[in-house]
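Each chain, letter by letter, is given below.
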2 protein chains.
Amino acid sequence: MKKAAATRLTILQKAFELIYVKGYQTTSIDDILATTQVTKGAFYYHFKNKDEMGLAIINEILKPTMTESFITPLQNPGDPLEFIYGMMQHLLIGNPFLKPEFGCPASNITQEMTPWNADFGHAMNELMKQWEDTLVEVLEKGKAAGFVKKDVHSKQVTIMVMSGYWGVRNLGKLDQGKESYSRYLKELKNYLNSLK
Amino acid sequence: MKKAAATRLTILQKAFELIYVKGYQTTSIDDILATTQVTKGAFYYHFKNKDEMGLAIINEILKPTMTESFITPLQNPGDPLEFIYGMMQHLLIGNPFLKPEFGCPASNITQEMTPWNADFGHAMNELMKQWEDTLVEVLEKGKAAGFVKKDVHSKQVTIMVMSGYWGVRNLGKLDQGKESYSRYLKELKNYLNSLK
DNA sequence: TTGTAAAAATACCAAGGAGTATCTTTATGA
DNA sequence: TCATAAAGATACTCCTTGGTATTTTTACAA
């Protein structure tokens, strides 16, 4: 019962990468089989159908990655505004897996799948809610610690930050992130400064 | 030579709506034929292939619509910050064609097509450049007229605004725009106020 | 009116899509 | 060791896809 779990995991991981660069609907199961060297029998042993695999990718790959990358490290003390900026910088230019031309995996899936399959929307919504809640919490702690102005509306700021990230990820597809990323980061710094 | 132009236009318009709702790759030519009541012969008389139609949609539908909706009205005098806010409000909640669950047509196409077909990327880049240039110009005029602080970096603010729009359009897919839109708008107002 | 090209209709094709049915191999626990 | 179920392999089916080939209709200039 060890080998099987491994094949299942490679399917999820490779499929995730393919979907990230090609999109969900245009990544065929045969594509996945070809790159994983897994046969169709094995695939359909592990997953009832393509969508079940898609959900599994969100829940078993995307969600844990998000948690350990953005949720857990956010819990540390200090200036939340500094931290948000650092996180954004890391997300946009510090993470070698995330390429400008392919955008953000979470954003891509949301954009593509939400109108089609409600389950994808629910799964992604959970993911975003988790990120949102953490950011709000961190901002509130920052207010208590005097890093952030008292009249700042944490939920609004959070939406502003998350929107900016997804938006610039998409804008960055047009110029390979060459100018959009750096300009966004500079202005984000200005914006965050206005909150303290 | 009048009827032909009309069929061509209906193809572009109906296909645009379908693509907005379903996505480009998952909108089949047969879908388009079914909703337009046009036959395959007529379709391929007007367009060499699907992608040529896609480009025509960007250039002949999306671009003119953008121009008359965001470029031309932006030219009027007055406080550019007020105007940007009003434009955003109209885009997000005042435009009946743009539904939260389907996002922004321009954003959708960029997200979906840019990694696949460079021509789509170039066309969309032109579109966005036009919007960006206009926003920058308007902000600069606002600085000269005293509506905007002198030390504001117009290009950065523009990227911030455009990113926020695309991002919240995508976020809004997850909650049908119920909370994300209004929160974004409120914080956008705060942000814009910090620029004057 | 009629010849000619524009415009549109119809029928078809090869490739690729998701998913199934059936068989073979591998592991494991009694 | 060996029966049984897990895991994987192979070969299909049926449907949709973008695109083509060919024919028919429409418009209009002479």
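Definitions and limits used
Residues numbered from 1 in each chain as written. Chains lettered and ligands numbered in written order. Predicted model: local features only at pLDDT ≥ 70, side-chain atom pairs only at ≥ 80, totals over all residues. Heavy atoms only, no water. Helix = DSSP H or I, 4+ residues; strand = E, 2+ residues; numbered from the N terminus. Buried < 20%, exposed > 50% of the residue type's maximum accessible area, 1.4 Å probe, protein only. Contact = heavy atoms within 4.5 Å. Lys, Arg positive; Asp, Glu negative; His and termini not counted. Charge placed at Lys NZ, Arg CZ, Asp CG, Glu CD. Near = heavy atom within 4 Å. Polar contact = N/O pair within 3.5 Å; in protein donor to acceptor, adjacent residues only side chain to side chain. 1 Å grid on protein atoms, 1.4 Å probe; cavity = no way out; pocket = protein on both sides within 12 Å on 5 of 7 lines; lining within 4 Å. Points joined across faces, edges and corners; volume = space filled by probe spheres on them. Least-squares fit on C-alpha atoms with pLDDT ≥ 70 in both.

S.K.: Got a minute to help me understand the overall build of chain A in this structure?
M.R.: Of the regular secondary structure elements, chain A holds nine helices and zero strands. Expressed along its principal axes, the backbone C-alpha trace of chain A runs to roughly 60 × 35 × 30 Å. Across the 196 residues that make up chain A, the buried fraction comes to 53%. Sequence-distant contacts in chain A: of pairs separated by 6 or more residues, those separated by 24 or more amount to 71%. Once the 23 positive and 21 negative side-chain charges of chain A are each reduced to a mean point, those two points are 3 Å apart.

S.K.: Just to check I follow, could you spell out unusual backbone geometry for this structure?
M.R.: Backbone phi values are negative for most residues with the exception of glycine, while trans is the configuration of most peptide bonds. For Q176 of chain A, which is not glycine, the phi dihedral falls at a positive 55°. With a relative accessible area of 38%, Q176 of chain A lands in the partly exposed category.

S.K.: Hey, could you run me through the protein's contact with DNA strand D in this one?
M.R.: Every one of the 17 residues lining DNA strand D counts as a neighbour, but T39, Y45 and H46 of chain A together with I29 and K40 of chain B are closest to it. Those atoms of DNA strand D that come within 4 Å of the protein belong to sugar or phosphate at a rate of 66%. A distance of 2.9 Å is found between a phosphate oxygen of DNA strand D and a backbone nitrogen or oxygen belonging to I29 of chain B. In this structure, K40 of chain B approaches DNA strand D through a side-chain N or O atom, which is 2.8 Å from a base oxygen.

S.K.: Would you mind going over the layout of surface pockets with me for this structure?
M.R.: Space left empty within the atom packing is revealed by a probe, the size of a water molecule, rolled over the atoms. Residues and elements named next belong to chain B. Of the voids in this model, the largest pocket is the one considered here, and its volume is about 370 Å³. Lining of the largest pocket is provided by 21 residues; of these, F16, L62, T65, L98 and P105 occupy positions nearest its centre. When contributions to the lining of the largest pocket are tallied by element, the ones reaching two or more residues are helix 1 (3–22), helix 4 (50–71), helix 5 (80–94), helix 6 (105–113), helix 7 (118–144) and helix 8 (154–175). The biggest single contributor to the lining of the largest pocket is helix 4, with six residues.

S.K.: Would you mind going over the relation of the copies chain A and chain B with me for this structure?
M.R.: To go from the first copy of the chain to the second, apply a rotation about an axis and then a shift along the same axis. When chain A is fitted onto chain B, the two copies agree to an RMSD of 0.0 Å after a turn of 180° and an axial shift of 0.0 Å. Such a turn and shift between the copies fits a two-fold axis. Minimal C-alpha distance to the rotation axis in chain A is attained by G167 of chain A, lying at 1.9 Å. Most of the interface of chain A is mirrored in chain B: 100% of its interface residues are interface residues there too.

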